[in-house]
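Topology and contacts: notes
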Amino acid sequence: MEDLTEAGLREGISEVIATTQSRAGIPNAAPVGILNSDGRYHVRLYRGSRTIANVEETRRLAVNVTMDALLFAKTLIGNLSPSDFSLFHGFPVLKEANSWILFRCNQVEEDEDSLLFMLYPLAVAVIRAGICAINRGLNAVIEAAILVSRWRCGHVYGQGQEQEHAHPHQGEGMQVQMQLARMRDYERIVARCGGRREKEAMQLLMDELYKTHH
Ligand SMILES: Cc1cc2nc3c(=O)[nH]c(=O)nc-3n(C[C@H](O)[C@H](O)[C@H](O)COP(=O)(O)O)c2cc1C
């Protein structure tokens, strides 16, 4: 299969923004992880999202590669405006992304919580290639976004893989305290290492967390 390293998808899991559209053409954007091993690309979509509904309808998904923390927070919480989208081969993508990859999605597995799709690239565009050093603030925002996302859907999404903070013998209250402590750690890292976009993103995530929790 085509090597998509130039477009930003490396070996392992790449956190990106997936854009999709409904059969009626309504665009949607949400963070997802693209799995790449042996040059093959997959995405596991958890049931209940707009993204999975759109992929089931159209069998198409565009990957938008970005280092913008705020895009991750905004698309997770769900408020992009139509003017944030542009069209690539007639398919919605994010104007501000560094690259776009339009994929055809073939379902290869199904379980109670999720569907696994193999991804076949149909079109690729590198919009802006940039060199970026690692920023711990950005990393912390991504971790915080994943935590908020899992929390919102009752700890279902991705739970099997990372159990270190959710031991079965701990009560609900204890788990909430641990999650809050992790969020505060991420907040501290963002305050120290992040730029304005990371700080704004973290604020949105904290607001969402308290909304979900209270
Ligand atoms: C960094 C990150 C990665 C994510 N990866 C996935 C994923 O691979 N599959 C998935 O179904 N949800 C994933 N999520 C959760 C979705 O983004 C989340 O459920 C979102 O609210 C779905 O939005 P939608 O209803 O607009 O599709 C991820 C969230 C974050 C923050």
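Residues numbered from 1 in each chain as written. Predicted model: local features only at pLDDT ≥ 70, side-chain atom pairs only at ≥ 80, totals over all residues. Heavy atoms only, no water.

1. Comments concerning helix α2 (residues 69-77)
For α2, the buried fraction is high: seven of the nine residues fall into the buried class. Looking at α2, one finds that the buried residues are A69, L70, L71, F72, A73, T75 and L76. For α2, the elements touching its buried residues are β1 (12-21), β2 (27-37), β6 (91-94), α3 (136-152) and α5 (196-213). Backbone nitrogen of L70 and a side-chain oxygen of the N-cap are separated by 2.9 Å at the start of α2; the cap is D68. Two residues or fewer past α2, G78 is found with a positive phi of approximately 105°. (Buried < 20%, exposed > 50% of the residue type's maximum accessible area, 1.4 Å probe, protein only. Helix = DSSP H or I, 4+ residues; strand = E, 2+ residues; numbered from the N terminus. Contact = heavy atoms within 4.5 Å. Polar contact = N/O pair within 3.5 Å; in protein donor to acceptor, adjacent residues only side chain to side chain.)

2. A short note on the site of the ligand
Residues in close proximity to the ligand total 19 residues, the closest being P31, R44, Y46, T51 and R152. Contact distances for the ligand include 2.8 Å between an oxygen atom and a side-chain N or O atom of R152. The protein chains hide 86% of the 650 Å² of surface that the ligand would expose on its own. (Near = heavy atom within 4 Å. Areas by Shrake-Rupley, 256 points an atom, 1.4 Å probe, with all protein chains shown as cover.)

3. Points about the sheet that holds strand β8 (residues 114-126)
The sheet built from six strands closes into a barrel, its strands ordered β1-β2-β3-β8-β7-β4 with antiparallel pairing. Across the sheet, the mean angle separating the axes of adjacent strands is 45° when strand polarity is ignored. Relative to strand β3 (residues 40-46), β2 runs antiparallel, the two sharing four bridges. Paired with N36 across the two strands is Y41, which belongs to β3. (Pairing = 2+ DSSP bridges. Axes fitted to C-alpha atoms, helices over the stretch in contact; angles between N-to-C directions.)

4. Let's talk about the confidence of the model for the protein chain
Chain-level pLDDT for the protein chain is 92 on average; 92% of the residues reach the 70-or-more range. Residue range residues 155-161 is modelled with pLDDT below 50. Its contacts to residues more than four positions away, or to other chains, number twelve contacts. Scored as a complex, the prediction yields pTM 0.93 and ipTM 0.99. (pLDDT = per-residue confidence, 0-100.)

5. A short note on the environment of N64
Mapped onto the elements of the fold, N64 is located in strand β4 (residues 60-65). Along the backbone, N64 and I101 are 37 residues apart, and their C-alpha atoms lie at a distance of 6.8 Å. Among all residues touching N64, those that are not within four sequence positions of it are V16, I17, A18, T19, V93, L94, A97, S99 and W100. For N64, the side chain forms a polar contact with the main-chain oxygen of A62, separated by 3.4 Å.

6. Quick word on the nonpolar core
Note on soluble globular proteins: their nonpolar side chains tend to be buried together. Ranked by size, the top nonpolar core spans 41 residues in total, and within it F88, L94, M183, Y186, M202 and L205 carry the most contacts. It is α3 that contributes the most residues to this core, ten residues altogether. Ignoring sequence-local partners within four residues, the contact set of L205 consists of A73, L76, I77, V141, A144, A145, V148 and M183. In this structure, L9, V16, L45 and F117 belong to the second largest nonpolar core, which totals 21 residues. (Core = buried A, V, L, I, M, F, W, Y, C linked by side-chain atoms within 4.5 Å.)

7. Quick word on the environment of R196
Looking at the secondary structure, you find R196 in helix α5. Assessed through its relative accessible area of 77%, R196 is described here as exposed. Considered as a pair, R196 and S49 are 147 residues apart in the sequence and their alpha carbons are 29 Å apart.

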